[in-house]
Amino acid sequence: MWLRCTSKCVFASLSRSYNNVLSRSFNIAAFMPEAAGFEGVSDRAALQEFSLSNSDHFWAAVARHRLTWISPFHTVQDCDLSRGRIKWFEGGKLNVSVNCLDRHVHTCPEKVALIWERDEPGSEVKVTYRSLLDMTCRLGNLLRRRGVKKGDCVTIYMPPCPLAVASMLACARIGAAHNVVFAGFSAEALAERIRDAQSSTVITVNQGVRGGRVIELKKTVDTAVEGCPSVKQVFVAMRTENPVVMTDRDVSMEELEDAVCEPAAMDSEDVLFLLYTSGSTGKPKGLVHTQAGYLLYALLTHRYVFSYHDGDVFGCVADIGWITGHSYSVYGPLANGGTTVLFESTPVYPNPGRYWEMVQRLRINQFYGAPTAIRLLLKYGDHWVHKYDCSTLKTLGSVGEPINTEAWEWYHRVVGDGRCPVVDTWWQTETGGICIAPRPSDPDAEIVPGMAMRPFFGMKPVLVDGEGKLLTSNNTSGPLCLAQPWPGMARTIHNNHQRFIETYCQPYPGYFFTGDGAHRSEEGYYQITGRLDDVINVSGHRLGTAEIEDVVNHCPAVAESAVIGYSHDVKGQGIRSKTVSIMSFTGTQITGVFLQFVQRLPKTRSGKIMRRVLRKVVEQDLGGLGDLSTLDDPAAVQEIVQGHQDLCSKK
């Protein structure tokens, strides 16, 4: 039974002080206690400047104040972006699970750490910090007893649930890296990631449950490991009561272990986890994140971007298989001693009010979701929001892709009742945490719809031209790079550091190349215009996909759109827009613009539109569609293929 904690919790004083920022008299030390030792810093703007001009001093103070160390670090950073060398807090030793669990158990053991929002509405499960530590230690001991050792990499193929979080933290506790694979990937995609990570151990569940459907995860793992000779054991937990076939390789996670597990002392730069991402090439990249720097950046961005206060309930609805789930469902909130929601279901199960009913029932204070879900729910109407009491909400966030103006305004006006700031966050798997967002800023500072706006502390975004020269003026656009290293950034690509250098460090030497384009407004605010490989060149005019989609989405009949380029004999490229509409398949082409109306777009379960798939359809390269198992509804692709063929036959 959950008991209300009456003891003083870690970071509670920080949170109460942070509330004072909203008062008329701005106190920089109340906003960030470390800033009391920063000479000449008296407001947020000065703090931002200090974090760039005195980077070592800033990050050292924050790291000492907010992380629990076994041994102190002797060097703040040793970084050379031109060579892909990134090291932070060398000499320091710590354990991430201790920072996420033990130190909070010592002060506030019965505080709720996790709220598992199961697929079945109203059946949430609350897990205290004491219980999560117990679960983590027992699992850590089981892994150790079964031969998992420091430096090994454990692949986790599980839906969002407390045991998945405990599995991540158990790996961190004993010094093993984890490789969480989204539990929607096919057996082939899972096998590829297991082989690249060289995992000998996999953790999974018998079945997953999502949107009222049962998903056979254990069967997927069984198929995957047939092609993975490195796998020696598969740990199986029970999400449902349905039995599954167990082989000699399988280990039941019902085995009891001791609840005391000695944490390993990890170097700051030891690997914490791998997380695979893939672009249009489809070749997965195992990005490597390390211990201290990643954790520090996750907890700092979680606290300040979302104005998270002690006692708040943080609702990030991303799957743990993505970086958003890692940083803002697990590591950031738990390192801050917060209460975080694990969302297992979908935004429309059992109806389009699912998010908002959950907000009312769990009394969520910060809500963080994908623009594509917001656009979807917008089209269902305001009444699904107004049906529930969302008055506990204080901050709304969007993540994954630029949010269009119409969706932003609905999110702010209807969901947030016009009183909640909307933080449109820009970051990547590679960055580890949020890099550009409207907050933190002065309480009365403006927020422009659809813009990420302001760099976070220690972040220095720059725009460059085609030759790599800095664009110093405002009201300009160009490739977005980051000019200074930061603790949360990925260190390398697993087993392929040369690819890391070629992808991120060589395109613009001395800068970290993000692969995104951006516009810097007259006021100096940043707006992400989309992936540069998605930029469309029409008669010499470079058009960002996000900008075009924002215009198309204003059409009342369109829920959302995906814009891609296609070869045009005269203009170089034309624009193809696949739009979700209430209309049947029709099409039109005007001056290089070709519209195809469809009933649904191909999306991953995280909500991202698979533009790579759309491009292949337009290019009539159906053999190059690749693995479609990550799609929420693979049947959508066939509908688009058929619709495209019908349109082409009419031209």
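Our structure's up above, just so we're on the same page.
Overview of the structure. Quantities reported herein were computed from a predicted structural model and do not represent experimental measurements.

1. Describing the sheet that holds strand 20 (residues 422–424)
Sheet strands pair via backbone hydrogen bonds, and the direction of the pair is either parallel or antiparallel. What the seven strands build is an open sheet, ordered 5-4-17-16-18-19-20; its pairing is mixed. Because the sheet does not close on itself, it has two edges, and the strands there are strand 5 (125–128) and strand 20. Shown here is a sheet whose adjacent strand axes are inclined to one another by a mean of 20 degrees, direction ignored. As paired elements, strand 18 (residues 366–369) and strand 19 (residues 395–398) share four bridges and run parallel to each other. Across the sheet, Tyr368 pairs through a bridge with Gly397, a residue of strand 19. Across the sheet, helix 11 (residues 323–335) is in contact with strand 4 (112–117), strand 16 (313–316), strand 17 (339–343) and strand 18; its angle to strand 17 comes to roughly 155 degrees.

2. What to know about the side chain of Asp424
Relative to the helices and strands, Asp424 resides in strand 20. Buried charge without a partner: Asp424 forms no salt bridge, and the closest opposite charge is Arg375, 9.2 Å away. Side chain to side chain, Asp424 and Ser398 meet in a polar contact 3.2 Å long. Among residues more than four places away in sequence, those in contact with Asp424 are Ser398, Glu401, Ile403, Ile436, Ala437, Pro438, Gly450, Met451 and Ala452.

3. As for the nonpolar core
Grouped together as the largest cluster of nonpolar side chains are 137 residues, with contacts concentrated most on Leu47, Phe58, Phe89, Leu132, Tyr331 and Leu334. Ranked by residue count, the leading element in this core is helix 10 (residues 291–305), at ten residues. Other than its neighbours up to four places away in sequence, Leu334 contacts Asn99, Cys100, His104, Ala113, Leu114, Tyr129, Leu132, Val165, Leu169 and Thr340. Listed in part, the 35 residues of the second largest apolar core include Ile115, Val385, Cys390 and Tyr525.

4. Overview of the pairing of strand 17
Each regular strand displays side chains that alternate between the two surfaces of the sheet. Counting buried positions along strand 17 gives five out of five residues, so the element sits mostly inside the fold. Residue alternation in strand 17 divides its side chains into two sets, Thr339, Val341 and Phe343 and Thr340 and Leu342, and both sets are buried. The pairing of strand 4 with strand 17 spans four bridges and is parallel. By the bridge assignment, Ile115 is partnered in strand 17 with Val341. Where strand 16 lies against strand 17, two bridges are found, and the strand directions are parallel. Following the sheet pairing, Phe314 is matched in strand 17 by Thr340. A crossover connection joins strand 16 to the parallel strand 17 through helix 11; in handedness this β-α-β unit is right-handed.

5. Topic: the sheet that holds strand 11 (residues 233–237)
An order of 12-11-8-6-7-14-15-25 is seen for the eight strands of this open sheet, with the pairing classed as mixed. Looking at which strands have only one partner, the edges of the open sheet turn out to be strand 12 (250–252) and strand 25 (492–493). Judged from the six bridges that link them, strand 14 (residues 271–277) and strand 15 (residues 285–290) form a sheet pairing that is antiparallel. Considered in strand 15, the bridge of Leu274 is made with Val288.

6. With respect to the pattern of salt bridges
For the structure on display, the rule yields 26 salt bridges. Taking the shortest distance from any N to any O, the salt bridge between Arg173 and Asp102 comes out at 2.9 Å. With Arg173 in helix 7 (residues 162–174) and Asp102 in helix 5 (residues 96–105), this pair connects stretches of sequence that are 71 residues apart. Among the residues examined, Asp102 registers a relative accessible area of 11% and is labelled buried. In this structure, Glu406 and Lys379 form a salt bridge, with 3.8 Å as the shortest nitrogen-oxygen distance. Separated by 27 residues along the polypeptide, Glu406 in helix 15 (residues 405–415) and Lys379 in helix 13 (residues 371–380) bring together distant segments of the chain. When salt bridges with common partners are traced through the structure, they connect Glu117, Glu124, Arg354, Glu357 and Arg361 into a single cluster.

7. What about helix 6 (residues 129–145)?
With 17 residues, helix 6 ought to run about 24 Å at 1.5 Å a step, and its terminal C-alpha atoms sit 24 Å apart, in line with that. Within the sequence span of helix 6, burial applies to Tyr129, Leu132, Leu133, Thr136, Cys137, Leu139, Gly140, Asn141, Leu142 and Leu143. Positive phi appears at Gly147, one or two residues downstream of helix 6, with a value of about 95 degrees.

Rules and cut-offs
- Residues numbered from 1 in each chain as written.
- Predicted model: local features only at pLDDT ≥ 70, side-chain atom pairs only at ≥ 80, totals over all residues.
- Heavy atoms only, no water.
- Pairing = 2+ DSSP bridges.
- Helix = DSSP H or I, 4+ residues; strand = E, 2+ residues; numbered from the N terminus.
- Axes fitted to C-alpha atoms, helices over the stretch in contact; angles between N-to-C directions.
- Contact = heavy atoms within 4.5 Å.
- Buried < 20%, exposed > 50% of the residue type's maximum accessible area, 1.4 Å probe, protein only.
- Lys, Arg positive; Asp, Glu negative; His and termini not counted.
- Salt bridge = Lys/Arg side-chain N within 4 Å of Asp/Glu carboxyl O.
- Polar contact = N/O pair within 3.5 Å; in protein donor to acceptor, adjacent residues only side chain to side chain.
- Core = buried A, V, L, I, M, F, W, Y, C linked by side-chain atoms within 4.5 Å.
- Right-handed = clockwise from strand over helix to strand, strands pointing away.
- Expected span 1.5 Å × (residues − 1).

Interpretation in functional terms is not warranted from these geometric data alone.
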